[in-house]
Amino acid sequence: NAGVTQTPKFQVLKTGQSMTLQCAQDMNHNSMYWYRQDPGMGLRLIYYSASEGTTDKGEVPNGYNVSRLNKREFSLRLESAAPSQTSVYFCASRVGSNQPQHFGDGTRLSIL
Amino acid sequence: ILNVEQSPQSLHVQEGDSTNFTCSFPSSNFYALHWYRWETAKSPEALFVMTLNGDEKKKGRISATLNTKEGYSYLYIKGSQPEDSATYLCAFMRSSASKIIFGSGTRLSIRP
C-alpha cells in the first residue's frame, strides 16, 4: 500500500538549475497539494489541484509551476532554483469532502 | 490572506499531566478544520476533521472541540505520555475545493 510517493527524497541543486519534484498517489484521491516546510513556519501551501484538470495558487507560488498530469500524479517544477527555495517539500492528497490529507515522506531540497 | 494561528508555539509538560492548545481561524465562510500530529523525521498524520460548530472528536487520550462562530478549536491531551511528543498542526478550509492553510503548529515535549 504505497499511499503518496514522492521522488526524489533528497536533491542538491546549484542556483539557476531547474528541477521537477514528482508526486504520485494510488488511493484514487481527487485533490493534491504541494507544501514547503521551513523552520518555525509550519507548512506553507505552494499550489494545489482540487480535481484532475485544475490547479490553483496557494500562499507561496512564486518561483514554482505545477502540472496535474492525470488523477494520480502532481508534479512541482522549479524553473530557476534560488537559495531561498531550500526547503523540505511535502506532497499530500485527499479524496475530498470531509476527509483529511495523506502526506508523502517529503523531498529535502538544497540549493547552493 | 487566511490567518490560522496556533498557541502556544511550544509547550513542555510533565509526563502524566494533561494539556491543551488552541487553533484560531477566520470565523466567516467556514468549511472544515483539520488537526494533524507530526513527529520529527516523519510526515504529518491526521487526527481529526471537524466540520460542525460544537463538534467534539476523540481518539484515545486526545480530543478536540470546535467553535466556528468565534473561530477557534482546542486540542486536549489527557495524561501525557512521552510518545505524545510531536508538533500538532491545525489546518483551515473555506470550501470542499479550497486551499488548506496550516497554522505554524504547537511543539509539545513531554518530560519523563
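Scroll up for the structure.
Residues numbered from 1 in each chain as written. Chains lettered and ligands numbered in written order. Predicted model: local features only at pLDDT ≥ 70, side-chain atom pairs only at ≥ 80, totals over all residues. Heavy atoms only, no water.

**Student:** Help me out: how do you make sense of the pairing of strand S5 (residues 43-49) of chain A in this one?
**Tutor:** Put simply, side chains in a regular strand alternate between the two faces of the sheet. Residues and elements named next belong to chain A. In terms of burial, S5 is largely enclosed, as seven of its seven residues are buried. Of the pairings in the sheet, the one linking strand S4 (residues 31-37) to S5 comprises six bridges and is antiparallel in character. What sits directly across from Tyr35, in S5, is Leu45. Between S4 and S5, which pair antiparallel and follow one another directly, the connecting turn spans five residues, one of which, Gly40, has a positive phi of 75 degrees. Pairing analysis gives two bridges linking S5 to strand S6 (residues 56-57), with the strands arranged antiparallel. Bridge pairing in S6 links Tyr47 to Lys57. Count of turn residues in the S5/S6 antiparallel hairpin: six residues, of which Gly53 carries a positive phi of about 95 degrees. (Buried < 20%, exposed > 50% of the residue type's maximum accessible area, 1.4 Å probe, protein only. Helix = DSSP H or I, 4+ residues; strand = E, 2+ residues; numbered from the N terminus. Pairing = 2+ DSSP bridges.)

**Student:** I'm lost on the sheet that holds strand S3 (residues 19-25) of chain A in this one. Help?
**Tutor:** Within a sheet, each strand pairs with its neighbour through backbone hydrogen bonds, oriented either parallel or antiparallel. Residues and elements named next belong to chain A. Across the sheet, four strands lie side by side as S1-S3-S8-S7; this open sheet has antiparallel pairing. The open sheet has two edge strands with one neighbour each: strand S1 (4-7) and strand S7 (64-68). The sheet shows a mean angle of 15 degrees between the axes of neighbouring strands, taken without regard to direction. (Axes fitted to C-alpha atoms, helices over the stretch in contact; angles between N-to-C directions.)

**Student:** Can you walk me through the environment of Lys71 of chain A in this structure?
**Tutor:** Residue and element names in this part refer to chain A. Here Lys71 lies in the loop between S7 and strand S8 (74-78). Sequence separation of Lys71 and Gln101 is 30 residues, and the distance between their C-alpha atoms is 15 Å. Ignoring anything within four residues of it in the chain, the contact list for Lys71 reads Gln25, Asn28, His29, Asn30, Met32 and Glu52. (Contact = heavy atoms within 4.5 Å.)

**Student:** Can you help me understand the pattern of salt bridges in this one?
**Tutor:** Side-chain pairs of opposite charge can arise where the charged atoms are in close proximity. A full pass over the atoms with the stated rule returns six salt bridges over all chains. Arg37 of chain B is the salt-bridge partner of Glu39 of chain B, the closest N and O atoms lying 3.0 Å from each other. Classification of Glu39 of chain B as partly exposed rests on a relative accessible area of 24%. For Arg37 of chain B, a relative accessible area of 16% translates into the label buried. The partner of Glu39 of chain B in a salt bridge is Lys42 of chain B, with the nearest N and O atoms 3.8 Å apart. Judged by its relative accessible area of 47%, Lys42 of chain B is partly exposed. Several salt bridges share partner residues, and in doing so they unite Arg36, Asp38 and Arg44 of chain A into one network. (Salt bridge = Lys/Arg side-chain N within 4 Å of Asp/Glu carboxyl O.)

**Student:** In this structure, what is going on with the interface of chain B and chain A? I would like to understand it.
**Tutor:** Accessible area lost upon the coming together of the parts is a frequently used measure of interface size. On the chain A side, the residues contacting the 21 residues of chain B number 23 residues. Buried area between chain B and chain A, summed over both chains or domains, comes out near 1700 Å², and the portion from carbon and sulfur atoms is 61%. Considering only the surface of chain B that becomes buried against chain A, Trp38, Lys99 and Phe102 of chain B emerge as the three largest contributors, covering 27% of it. At the boundary of chain B and chain A, one finds zero salt bridges. Where chain B packs against chain A, one counts five residue pairs in polar contact (both at pLDDT 80 or more). Of all the secondary-structure elements, those providing two or more residues to the side of chain B that touches chain A are strand S4 (32-38), strand S5 (45-50), strand S9 (86-93) and strand S10 (100-102) of chain B. Per-class residue counts for the side of chain B that touches chain A are twelve nonpolar, seven polar and two charged. (Buried area = accessible area lost by both parts, 1.4 Å probe. Polar contact = N/O pair within 3.5 Å; in protein donor to acceptor, adjacent residues only side chain to side chain. Nonpolar A, V, L, I, M, F, W, Y, C, P; charged D, E, K, R; others polar.)

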